[in-house]
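Letter by letter, the chains look like this.
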Amino acid sequence: VLGSFIGLALLLAFVPFNYFGVRRFGNSTKYLGVVKLVFYMAMALGLIFLVANWSNLSAYGTFPKIGPISILLAMPLAMYDFGGIRVIPDLAEETKKKDDVTKAVILTVIIETLIYISIAFAVLSSINWGALGIAPGHWAALENYSHGTNPFFIFSHDANLEVIFIIAVIAGLLSPFVTGYIYLGSGTRILFAMGRTGFVGTFMKTLHSKYAIPIWSLLVFAVVGAFIVLVSAPAPSIYNLIDYAVD
C-alpha cells in the first residue's frame, strides 16, 4: 500500500514538468539530462580506472567463443534505446526549427551508444570473481547473483568506493524520474494526435489557453497512469507482464 501511494506521488510530480509549456519542459529535460550523463559517465569511468580487471575482457570467452547469439541477446536493449529516440518525433511538432529534429535523433543515437558501451565495458572489466564467491568465468552464476541488483552497487561496495556507490544511488533515482515525466509528455502527444484523427474524443486535442499544451490529454494520461500504479503495486506480476510486452 505504501509503495502504491509513493508511486502515485511520483507520478503526480511528473505533471508540472509537462503542464507549464514545452519550453520549460525542454529546459528541465536538457539540464537534468546533462546531470544524468555526467553521473553515468562518472560511474563508468570510476569503475574502469579504479576497479577494472582487464583479464575479464578476454580470459573467459570472447565474441568468437560466444558467437553471434550475443548480438541477439542485446536486442531488448536496442528496442529500449529506440523507445528513447521515439520521444523526439512525438514532440517534434512543437519545435520551431525542424532541422533540429534530425540532429537530435542522430545525436541521441551517438550519445546512447557511447553510454551503453561505456557501462558494458565498465561492468565486464570490474567483475571481481573472488569477492563474489563465484568461479571465474561462470557467467550463469553471475547472472543469478546480480539478478535485480544494480552492478554498480555490488562492485563499488566490494571495492569500498563509497563515492561511486552514492553516485549510482542518485542516478538510480534521477534516471527513472526523468524518464517518467518525459514519457508522460510523449504519451500526452500521442493522445493529442489520436484526438485530431478521431480515434478518441475530440476533446483530447484541446490546448491550454496559456501554455499551449494538450491539457485534457495530459490529465487523462496521468489519471490512467495513476490507476495502473495503484493496481499494479499490490500485484508485482503485472510489472513482469509489462516487461514482456516491452521486450
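Refer to the preceding data block for the structure.
Each residue is numbered by its place in its chain's sequence as written, counting from 1. Local features in this predicted model are restricted to residues whose pLDDT is 70 or higher, and side-chain atom pairs enter the listing and the counts only when it is 80 or higher, whereas totals over whole chains, interfaces and linings include all residues. With hydrogens and water set aside, each side-chain value is computed from the structure's full complement of heavy atoms.

Caption draft 1: Structural context of the overall build of the protein. Comment: elements are numbered from the N terminus, with helices defined as DSSP H or I runs of at least four residues and strands as E runs of at least two. Summing up its helical and strand segments, the protein has twelve helices and zero strands in all. Overall, the protein shows an N-to-C arrangement of helices and strands of α-α-α-α-α-α-α-α-α-α-α-α. Partly exposed describes any residue whose relative accessible area lies between the buried limit of under 20% and the exposed limit of over 50%, with all areas from a 1.4 Å probe on protein chains only and scaled to the type maximum. Evaluated residue by residue, the protein yields a buried proportion of 32% over its 247 residues. In this description, contact between two residues means that some pair of their heavy atoms is separated by no more than 4.5 Å. For the protein, restricting intrachain contacts to residue pairs at least 6 apart in sequence, the fraction spanning at least 24 positions comes to 69%.

Caption draft 2: Examining the packing of helix α2 (residues 22-50) against helix α10 (residues 162-197) more closely. Lines are fitted to the C-alpha atoms to define the axes, a helix being fitted only along its stretch in contact, and any angle between axes, read from their N-to-C directions, falls within 0 to 180 degrees. The interhelical angle for the contact between α2 and α10, taken along N-to-C directions, is 150°, at an axis separation of 9 Å. Here the hand of the crossing between α2 and α10 comes out left-handed. For the contact of α2 with α10, the per-class residue count stands at 19 nonpolar, five polar and two charged. Helix crossings fall into two classes, left-handed where the near helix is turned counterclockwise from the far one by less than a right angle and right-handed where it is turned clockwise. Basically, the charged four are Asp, Glu, Lys and Arg, the nonpolar ten are Ala, Val, Leu, Ile, Met, Phe, Trp, Tyr, Cys and Pro, and anything else, Gly included, counts as polar.

Caption draft 3: Seen up close, the packing of helix α5 (residues 75-91) against α10. Close contact between α5 and α10 brings their axes to 9 Å; oriented N to C, the two are set at 50°. One way to sum up the angle between α5 and α10 is to call them oblique. Relative to α10, α5 is oriented so that their crossing is left-handed. Residues Y80, G83, G84, V87, D90 and L91 of α5 form the contact with α10, whose own contacting residues are T179, I182, Y183, G185, S186, R189 and I190. For the contact of α5 with α10, a count of residues per class yields six nonpolar, five polar and two charged. Just so you know how the angles are binned, under 35 degrees is roughly parallel, over 145 roughly antiparallel, 65 to 115 roughly perpendicular, and the rest oblique.

Caption draft 4: The environment of F39, seen in detail. When you line up the elements, F39 lands in helix α2. Along the backbone, F39 and I164 are 125 residues apart, and their C-alpha atoms lie at a distance of 9.3 Å.

Caption draft 5: Broad picture of the pattern of salt bridges. Counted as salt bridges are all cases of a side-chain nitrogen of Lys or Arg within 4 Å of a carboxyl oxygen of Asp or Glu. Under the defined criterion, the tally for this structure stands at three salt bridges. Here D90 and R86 are joined by a salt bridge, their closest N and O atoms 2.7 Å apart. Note that D90 and R86 are positioned in helix α5 at a spacing of four residues, about one turn of the helix. Judged by its relative accessible area of 14%, D90 is buried. For R86, a relative accessible area of 38% gives the class partly exposed. Residues E94 and R189 are paired through a salt bridge, measuring 2.6 Å at the closest nitrogen-oxygen approach. With E94 in the loop between α5 and α6 (99-125) and R189 in helix α10, this residue pair connects regions lying 95 residues apart in the sequence. With relative accessibility at 8%, the residue R189 sits in the buried group.

Read these as spatial facts, not as claims about activity.
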